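What the coordinates show
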Amino acid sequence: MVSYESEDSRASRLIIFTVTEATPSESIEAASDSDRMTKNGYDEPFHGVVGDVALREFTYSDEELGEQFAVDYRFEAEADGNLYAIVAFGPVGREGETRQVVERAKASFGTAD
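Now for a quick tour of the structure.

Formed by 13 residues in total, the largest nonpolar core has its most connected members in Leu14, Ile16, Tyr73, Phe75, Ile86 and Val102. Ranked by residue count, the leading element in this core is strand 5 (residues 66-76), at four residues. One finds Phe58, Tyr60, Ala85 and Val87 within the second-largest nonpolar core, a separate group that totals nine residues.

Here you go:
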């Protein structure tokens, strides 16, 4: 697992890890179910699966950080065949920046979708 938190009190975070479920779709469903039960104010306006790629965007309320926006991207890496998750978090209102973090991380895996 790789994790990065910005210096401004975790206002922006990136986590990359391997997933244990059999497919990106199963993995994102499990994460969605878990977050729905554990995150205050959880809302998931986007959730989609296309082939071997699963993506969701969601918001929730964090006691310390306030309203948070997250992008969760799950996929099978061509290079090694492992399943990975790239999850970026940032404040509501900075959604574009949070999406860009995921795009840059995806590039390191050579994914172009």
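After presenting the structure, the write-up continues.
Burial of strand 5 is extensive: eight of the 11 residues sit out of reach of the surface. The pairing of strand 4 (residues 53-62) with strand 5 spans 10 bridges and is antiparallel. By the bridge assignment for strand 5, arginine 56 is matched with aspartate 72. With antiparallel pairing between neighbouring strands as the criterion, strand 4 and strand 5 make up a hairpin whose turn holds three residues. Of the strand pairs in this sheet, strand 5 and strand 6 (residues 83-91) are connected by nine bridges, and their pairing is antiparallel. Following the sheet pairing, valine 71 is matched in strand 6 by alanine 88. Between strand 5 and strand 6, which pair antiparallel one after the other, the connecting turn spans six residues, and glycine 81 there sits at a positive phi close to 75°.

This part takes up the pattern of salt bridges. One pass over the structure, following the stated rule, counts eight salt bridges. Between aspartate 35 and arginine 56 there is a salt bridge, with the nearest N and O atoms lying 2.7 Å from each other. Linking aspartate 35 in helix 1 (residues 24-38) with arginine 56 in strand 4, this pair joins segments that are 21 residues apart in sequence. In this structure arginine 56 comes out as buried when scored by relative accessible area, which is 2%. A salt bridge links arginine 94 to glutamate 97; the nearest nitrogen and oxygen atoms lie 3.0 Å apart. Taking relative accessible area as the criterion, arginine 94 reaches 32% and is therefore assigned partly exposed. Owing to a relative accessible area of 43%, glutamate 97 belongs among the partly exposed residues under this scheme. It is possible to trace a salt-bridge network through shared partners that takes in Asp35, Lys39, Glu44, Arg56, Asp72 and Arg74.

The pairing of strand 3 (residues 43-50) with strand 4 spans six bridges and is classified as antiparallel. If you follow glycine 48 over to strand 4, its bridge partner there is leucine 55. Turn length for the strand 3-strand 4 hairpin, with the two strands adjacent in sequence and antiparallel, is two residues, and the turn residue glycine 51 shows positive phi of about 60°.

Before going further, it helps to examine the packing of aromatic side chains. Evaluated as defined, the whole model comprises eight aromatic pairs. Note on phenylalanine 58 and phenylalanine 89: the rings are 6.5 Å apart at their centroids and 85° apart in plane angle, and the pair reads as edge-to-face. In this pair, phenylalanine 58 sits in strand 4 while phenylalanine 89 sits in strand 6, placing the two residues 31 residues apart along the sequence. Judged by its relative accessible area of 9%, phenylalanine 89 falls in the buried class. On the numbers, 5.1 Å between centres and 75° between planes, the contact of phenylalanine 75 with phenylalanine 109 is edge-to-face.

Reading the values: rules and limits
- Residues numbered from 1 in each chain as written.
- Predicted model: local features only at pLDDT ≥ 70, side-chain atom pairs only at ≥ 80, totals over all residues.
- Heavy atoms only, no water.
- Core = buried A, V, L, I, M, F, W, Y, C linked by side-chain atoms within 4.5 Å.
- Buried < 20%, exposed > 50% of the residue type's maximum accessible area, 1.4 Å probe, protein only.
- Helix = DSSP H or I, 4+ residues; strand = E, 2+ residues; numbered from the N terminus.
- Pairing = 2+ DSSP bridges.
- Salt bridge = Lys/Arg side-chain N within 4 Å of Asp/Glu carboxyl O.
- Phe/Tyr/Trp six-rings, centres within 6.5 Å; stacked < 30°, edge-to-face > 60°.

By themselves, these figures tell us nothing about what the structure is for.
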